[in-house]
Amino acid sequence: MKKILGIFAAVGMLFSVGVQAGEFADQSIILQISDPNPFKQTLVLNVANNLIKHYGQDKVNVEIVAFGPGLRLLFEENANKGRIKSLSSAGVKFSACKNTISAMAKKLGHAPALNKVAVPVSAGVVQIVDLMNKGYKLVKP
Amino acid sequence: MINKTIFKKTLAAAAIVAGLSAIQVAEAANWLMLQGTERPGAAGRAKVWGFIQAQYQKDESDPFTNANGDLYIPPKLIGPNLTSQEQFNVNRARIGVRGTGMPLDSSVNYFLLAELGNNGITAGSGGDAQISDASITINTDAVRIRTGLFKTPGPEEALQAIHVFDYINFTSVSNQLMLERFQQQGETNTAGAGGINLADTNTNSISGYSRPVGAFRDTGVQFFQSYKSGKWDHSYAVMLGNGNGLNFGDTNNAKDVYLYWASEKSYGGKGPRAQGLKIFAWSQSGKRLDPDDITTTDEQDRTRSGFGVKYLNKPFRVTFESMSGKGMIFQGQHRPDDSFNDLTAAGSYLDFGYYVPKSKWEIDLRVDTYTRDENHGTSAVGDESTFDTNTLAAQYHINKKSRVTMSYEARTFASDTTAVNNQLKGVSNRIAMQLTHIF
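Residues numbered from 1 in each chain as written. Chains lettered and ligands numbered in written order. Predicted model: local features only at pLDDT ≥ 70, side-chain atom pairs only at ≥ 80, totals over all residues. Heavy atoms only, no water.

(A) A look at the overall build of chain B. Tallying secondary structure elements over chain B gives 6 helices and 19 strands in all. Expressed as a percentage of its 439 residues, the buried residues of chain B come to 56%. A sequence separation of at least 24 residues applies to 66% of the contacts in chain B between residues at least 6 apart. With the model as given, the accessible surface of chain B reaches about 18,000 Å², and the carbon-plus-sulfur share is 59%. (Helix = DSSP H or I, 4+ residues; strand = E, 2+ residues; numbered from the N terminus. Buried < 20%, exposed > 50% of the residue type's maximum accessible area, 1.4 Å probe, protein only. Contact = heavy atoms within 4.5 Å. Areas by Shrake-Rupley, 256 points an atom, 1.4 Å probe, with all protein chains shown as cover.)

(B) Focus on helix H4 (residues 98-108) of chain A. All names here are of chain A. Among the residues of H4, Thr100, Ile101, Met104 and Leu108 are the ones counted as buried. The buried residues of H4 occupy an angular sector of 100° when projected down its axis, which confines them to one face. Tucked inside the fold, the buried residues of H4 contact strand S3 (93-97). Where H4 terminates, the next one or two residues include Gly109, which has phi positive at roughly 90°. (Arc of directions from axis to C-beta.)

(C) Unusual backbone geometry, seen in detail. Residues and elements named next belong to chain B. In the segment running from Gly79 into Pro80, the intervening peptide bond is cis, with an omega of 5°. Look at the link from Lys314 to Pro315: it is a cis peptide, with omega at 20°. Residue placement: Pro315 occurs in the loop between strand S13 (299-313) and strand S14 (316-326). For Met328, which is not a glycine, the phi torsion comes out positive at approximately 55°. Turning to its location among the elements, Met328 is positioned in the loop between S14 and strand S15 (344-355). Even without glycine at this site, Lys358 takes up a positive phi of about 55°.

(D) The arrangement of the sheet that holds strand S2 (residues 64-66) of chain B in detail. Residues and elements named next belong to chain B. One open sheet holds the 3 strands; their spatial order is S2-S3-S8, and the pairing between them is antiparallel. Taken across any chain shown, the strands that pair with only one partner, and hence form the sheet edges, are S2 and strand S8 (196-197). Pairing of S2 with strand S3 (residues 69-72) involves 3 bridges; the strand directions are antiparallel. Residue pairing for S3: Asn66 is matched across the bridge by Gly69. (Pairing = 2+ DSSP bridges.)

(E) Structural detail: the pairing of strand S16 (residues 361-372) of chain B. Direction of pairing for S15(B) relative to S16(B): antiparallel, over a ladder of 11 bridges. In the strand pairing of S16(B), B:Ser348 is matched with B:Thr369.

(F) Spotlight on the sheet that holds strand S2 (residues 60-66) of chain A. All names here are of chain A. Judged by pairing direction, the sheet is parallel, and its 5 strands sit side by side in the order S4-S3-S2-S1-S5 without closing on themselves. In this open sheet, the two strands that pair with only one neighbour each are strand S4 (118-121) and strand S5 (137-139). Neighbour-to-neighbour, the strand axes of the sheet open up by a mean angle of 30°, direction not taken into account. In the sheet, S3 pairs with S4 via 4 bridges, with the strands oriented parallel. Directly across from Cys97, in S4, lies its bridge partner Val121. (Axes fitted to C-alpha atoms, helices over the stretch in contact; angles between N-to-C directions.)

(G) Quick peek at the nonpolar core. Counting 45 residues, the largest nonpolar core has B:Leu177, B:Tyr260, B:Met323 and B:Tyr370 as its most contacted members. With 27 residues, the next largest nonpolar core counts A:Leu31, A:Val60, A:Ile64 and A:Leu71 among its residues. (Core = buried A, V, L, I, M, F, W, Y, C linked by side-chain atoms within 4.5 Å.)

(H) Geometry of the interface of chain B and chain A. Listed as interface residues are 12 residues of chain B and, on the opposing side, 12 residues of chain A. In total, chain B and chain A occlude about 1,000 Å² of area from one another, counting both sides; carbon and sulfur atoms represent 57% of this. Between the two partners, chain B and chain A, sit 0 salt bridges. For the pair chain B and chain A, the number of links is 7 residue pairs in polar contact (both at pLDDT 80 or more). (Buried area = accessible area lost by both parts, 1.4 Å probe. Salt bridge = Lys/Arg side-chain N within 4 Å of Asp/Glu carboxyl O. Polar contact = N/O pair within 3.5 Å; in protein donor to acceptor, adjacent residues only side chain to side chain.)

(I) Summary view of empty space enclosed by the protein. Residue and element names in this part refer to chain B. On inspection of all chains with the given rule, the structure shows 6 cavities of 30 Å³ or more. In this model, the largest cavity occupies a volume close to 220 Å³. Along its surface, the largest cavity is lined by 20 residues, and Trp31, Glu156, Pro272, Ala274 and Lys310 are the ones closest to its centre. Sorting the residues of the lining of the largest cavity by element identifies helix H2 (31-36), strand S12 (275-289) and S13 as the ones contributing at least two each. Residue contributions to the lining of the largest cavity peak at 3 residues, all from S12. Of the residues belonging to the lining of the largest cavity, the class tally is 9 nonpolar, 4 polar and 7 charged. Taken together, 19 residues form the lining of the second largest cavity, with Thr152, Met178, Phe216, Arg217 and Gln284 sitting closest to its centre. Partitioning the lining of the second largest cavity into residue classes produces 6 nonpolar, 7 polar and 6 charged. (1 Å grid on protein atoms, 1.4 Å probe; cavity = no way out; pocket = protein on both sides within 12 Å on 5 of 7 lines; lining within 4 Å. Points joined across faces, edges and corners; volume = space filled by probe spheres on them. Nonpolar A, V, L, I, M, F, W, Y, C, P; charged D, E, K, R; others polar.)

Given below as structure tokens:
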């Protein structure tokens, strides 16, 4: 009986892995934002939205990697937080560079409060390289 | 005047609403937020912006003719120069910069704007440029604090961004009651009996004020905040100012107090053209010294108050505002005289706008009325006068930043004093065309 349950559990785990969003995506795109220009924030979110709309939520992986001045997009207070929440619900991932966080913490005297959907990564540029090695294409709007 | 009790109740209700709402900054646009704050986490260090308005105006009024010849009074001449009935003008040419000095920290932002056009701001300053706004805002969750020179909380027509104003000329009530003139000691504002001869306009004193108009601005400190409650945004502002318009410094120890409340239901959009239903009320009070005798402590109360509603849900727009005031009532649109008085005045306007679907055209109609020196007995000065204007305007939006505005104002001005009324009979229509480009 235990063996049977074990097999079911293993199959279940495989199945759960198999149905993760974007697993069978046709496209995988990195959107880089490292620019201080606030207009670029709007632009990168527009591009993410357009990718989702064109390919379909399950047919494209979109990851926005923010570092340098572009990290402000992922600040908790950012004026675009409503759009970020909406895109996150649609499967878009957001990565925040830890190096930038540390640098900004020195200037601010405290670490910037980040959006809940932001996932800290060791370095923004490393995250981009790693994703490109997995077949992602890099786009910098 | 708005009854003080009503205003207190309004403020009490505002406090309750504010208390019920979580400290959640409203995202919908309003003038307090648009002009005094930046988008958190999304503002640049220095955004250069501005606009230019080039215009042509023609006044069709007839002069008042007597033994001294053909005489004119201010509403028959094109401002700010008041030297002709027809002219081209660069009415406004403003350039400014705004943003957050340290983009990583959205808790502090600034706003700087200069006027280089030819209007009441620069015509009175004696120079070609005048700082119209210079402010710093500190933002906290509980309250925002704006200090410096900026637009005071007040009527919609005055508080709104002028580059999206749907007409070319202000209503009479805004122009005469709210747009404060600052007379200096020794300056006169008279036109003599019956008006002035056009040949004398360059030397006469009807536009002789050396200081700029108030431009609905003051230097001081403003506490304000905006709260979101469901589909509604509630905003308040409390400001203390010098009561000296664009002029830096103060002329007395008394400070002007400005109170403002607005509640707006958003219908979408953002920025200056955001759509919604807004209701608002405001109050201003202060004291002014006698410009003819500033060596004394002779002070005069100046109070203004009003309320209104604005509905904008394309393709329709409807705005109504009512304003009233007591003390320092400007005597300049006919029989120019000293404004140091305790007279009363009131006015209102109703505005309709129709954005023609699938086109770049917008049609506007505005009906405004203003009664100066209400219920004042006929006398040499301070006679009750009424200014009624119906304005038909059309706007062609070339693009989001450029538009042409054309307006035709049908004016009916009258006074209960025969001599003055004879002058006002000749006030006729005014045609204006203006090209606006925002950058």
